[in-house]
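# Coordinate analysis (summary)
Each chain, written out:
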Amino acid sequence: MKMKKYTAPSIAEAMKQIRIELGDDAVIINSKVITTKKFFGLVQKKHFEVVAGVDRIEQKQVRPTSYQQHEPSSIQSELKLGQAEEDMPKLVVESNSNKTTSTNQEIISDELKKEIQDLKLIMQSLKKQTVQESYPEELLYIIELLRNQELDEQLITEICDELFVQIQKEELSKKQLFEMAKTHLYNRLTTLPLTGLDYNKKYVHVLGPTGVGKTTTIAKMAARAVLEKKKKIGFITTDTYRIAAIDQLKTYAALLQAPVEIVYNSEDYQDAVNKMAHLDLIFIDTAGRNFKEAKYVGDLKDLIEFGKEAQSYLVLSLTTKQKDLEVIIEKFTSIPIEKFIFTKLDETNSIGTMFNLMIKYNKGLAYY
């Protein structure tokens, strides 16, 4: 790949130079804003430094087939057509003798996909940098604070756009801007249910992956129901996988003078429900599994009844990466999850993930 560094007063000027020298097939490798100071630091001047490269991939000769294949002439033509990655050329394997040709095509296709994806990310980054350059210094301070809390970029942009409008009307301090940012975030959450346990529904299902603190969460919810609401409660546990899980729940139940039933299958579950029919609330502790595997969610649906009298809460740890949490949430779409419960808040310095997931999935918050 041929690469070259360009310096220009604006992105548009840099792109113009790149197209002239490297052509329309050029790809931006990196870009950054350089600030220089003159006259004892009183005057600042900004310019852009862009590294671009060009790499023309020679198309392999492929035997004619009964199927017509479409191959983009360049990355730029693919982007102009607005085609998604799934519209990339499909491999045609005619026979065992063509395996080598198909493999070569697959490598080229993967390279094209990767370069297109990288280009999209670079262009998004450039767009964000350009927008941020138009913000005053006070807003850059707010952006840094929100990013440190790992709030989604789209949400940060929404907040800062609103603040930018206010700055045009009146002069505001950093503290005032920060309070306004909090108010904006609060307003985004007011449409979501921010309440705890529903004492009108009898069955309380607590779901979630292993190690997030489901059993401890159930104990806290049950204690509040007994001590503050004077409810008669019972426990059902399906967690027969984890060592000492049953003993842990029995200890909590003994403190609250509540019965415990252990179930291994749907018949055991129905028997336990019948035994506790006289109680006000029944807390169901489920087994923590790797819920990235869809079959475990299916096992839950076969074991537990999610009816009108039930309320289900998904427990998630804030020390887990947001992308991993999103995978888990997606697996639970077939179960009527009412609200989230976030744990381990005291073990992390950023809580933006909590807001991101609530807004993205339109789910309320029961407890944290």
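Overview of the structure. (Residues numbered from 1 in each chain as written. Predicted model: local features only at pLDDT ≥ 70, side-chain atom pairs only at ≥ 80, totals over all residues. Heavy atoms only, no water.)

## Details of the overall build of the protein
Helices and strands together make up the secondary structure of the protein, namely 12 helices and 10 strands. In the protein, which comprises 368 residues, the share counted as buried stands at 38%. For the protein, long-range pairs separated by at least 24 residues make up 73% of all intrachain contacts whose partners lie at least 6 apart in sequence. For the protein, the accessible area works out to roughly 21,800 Å², and carbon and sulfur atoms hold 50% of it. (Helix = DSSP H or I, 4+ residues; strand = E, 2+ residues; numbered from the N terminus. Buried < 20%, exposed > 50% of the residue type's maximum accessible area, 1.4 Å probe, protein only. Contact = heavy atoms within 4.5 Å. Areas by Shrake-Rupley, 256 points an atom, 1.4 Å probe, with all protein chains shown as cover.)

## Brief notes about helix H7 (residues 214–227)
An ideal rise of 1.5 Å per residue puts 20 Å on 14 residues; H7 measures up with 20 Å between its terminal C-alpha atoms. Taken as a whole, H7 has its buried residues at Lys 214, Thr 215, Thr 217, Ile 218, Ala 219, Met 221, Ala 222, Ala 225 and Val 226. (Expected span 1.5 Å × (residues − 1).)

## Side note on the packing of helix H6 (residues 174–189) against helix H12 (residues 352–361)
Axis angle and axis distance: for two packed helices, these are the angle between their axes and the distance between the axes, and together they describe the pair. Orientation of H6 relative to H12, taken along the N-to-C sense of each, is 40°, at an axis distance of 10 Å. Between H6 and H12, the angle is such that the two are oblique. In the packing of H6 onto H12, the handedness of the crossing is left-handed. Here Leu 185, Arg 188 and Leu 189 of H6 come into contact with H12, specifically with Phe 355, Met 358 and Ile 359. (Axes fitted to C-alpha atoms, helices over the stretch in contact; angles between N-to-C directions. Parallel < 35°, antiparallel > 145°, perpendicular 65-115°, else oblique. Left-handed = near helix turned anticlockwise from the far one by under 90°.)

## Quick notes on the packing of aromatic side chains
In total, this model carries 2 aromatic pairs according to the counting rule given. Each ring, one from Phe 340 and one from Phe 342, has its centre 5.6 Å from the other, and the planes form 55°; the classification is tilted. Residue Phe 340 shares its accessibility class with Phe 342, and that shared class is buried. Between the NZ or CZ atom of Lys 174 and the centre of the ring of Tyr 141, over which it lies, the distance is 4.7 Å. (Phe/Tyr/Trp six-rings, centres within 6.5 Å; stacked < 30°, edge-to-face > 60°. Lys NZ or Arg CZ within 6 Å of the ring centre and 35° of its normal.)

## As for the pattern of salt bridges
Between side chains of opposite charge, a pair can form when the charged atoms approach closely. Scanning all chains against the criterion turns up 9 salt bridges. With a closest N to O distance of 2.5 Å, Glu 21 and Lys 4 form a salt bridge. One end of the pair, Glu 21, is in helix H1 (residues 11–22); the other, Lys 4, is in strand E1 (residues 2–8), and 17 residues separate them in sequence. By relative accessible area, which is 37% here, Lys 4 ends up partly exposed. As a salt-bridge pair, Glu 49 and Lys 5 come within 3.9 Å of each other at their nearest N and O atoms. Here Glu 49 is found in strand E3 (residues 43–54), whereas its partner Lys 5 is found in strand E1, with 44 residues between them in sequence. Owing to a relative accessible area of 18%, Glu 49 belongs among the buried residues under this scheme. (Salt bridge = Lys/Arg side-chain N within 4 Å of Asp/Glu carboxyl O.)

## Here we look at the side chain of Thr 217
The residue Thr 217 is located in helix H7 in this model. When near neighbours in sequence (up to four residues on either side) are disregarded, Thr 217 contacts Val 315, Ile 341 and Thr 343.

## Some details on the nonpolar core
Of all hydrophobic cores here, the largest spans 50 residues; its most connected members are Ile 236, Leu 316, Phe 332, Phe 340 and Phe 342. Residues within four places of Phe 340 in sequence aside, it is in contact with Leu 314, Leu 316, Ile 329, Leu 357, Met 358, Tyr 361, Lys 363, Gly 364, Leu 365, Ala 366 and Tyr 367. (Core = buried A, V, L, I, M, F, W, Y, C linked by side-chain atoms within 4.5 Å.)

## Concerning the packing of H7 against helix H8 (residues 245–256)
Viewed as axis vectors pointing N to C, H7 and H8 meet at an angle of 10°, and their least axial separation amounts to 10 Å. Here H8 runs roughly parallel to H7, going by the angle between their axes. In contact with Thr 215, Thr 216, Ala 219, Ala 222, Ala 223 and Val 226 of H7, H8 contributes Gln 248, Leu 249, Tyr 252 and Leu 256. In terms of residue class, the contact of H7 with H8 is built from 7 nonpolar, 3 polar and no charged. (Nonpolar A, V, L, I, M, F, W, Y, C, P; charged D, E, K, R; others polar.)

## Considering the pairing of strand E8 (residues 310–317)
Along E8, 8 of the 8 residues are buried, which leaves the element largely enclosed by surrounding structure. The two faces of E8 match: Ala 310, Ser 312, Leu 314 and Leu 316 on one face and Gln 311, Tyr 313, Val 315 and Ser 317 on the other face are all buried. The pairing of strand E4 (residues 203–207) with E8 spans 5 bridges and is parallel. Looking across to E8, one finds that His 205 is bridged to Ser 312. Alignment of E8 against strand E9 (residues 339–343), held across 5 bridges, turns out to be parallel. Along E9, the bridge assignment pairs Leu 314 with Phe 340. Following the chain from E8 across helix H11 (residues 322–331) to the adjacent parallel E9, one finds a crossover that is right-handed. (Pairing = 2+ DSSP bridges. Right-handed = clockwise from strand over helix to strand, strands pointing away.)

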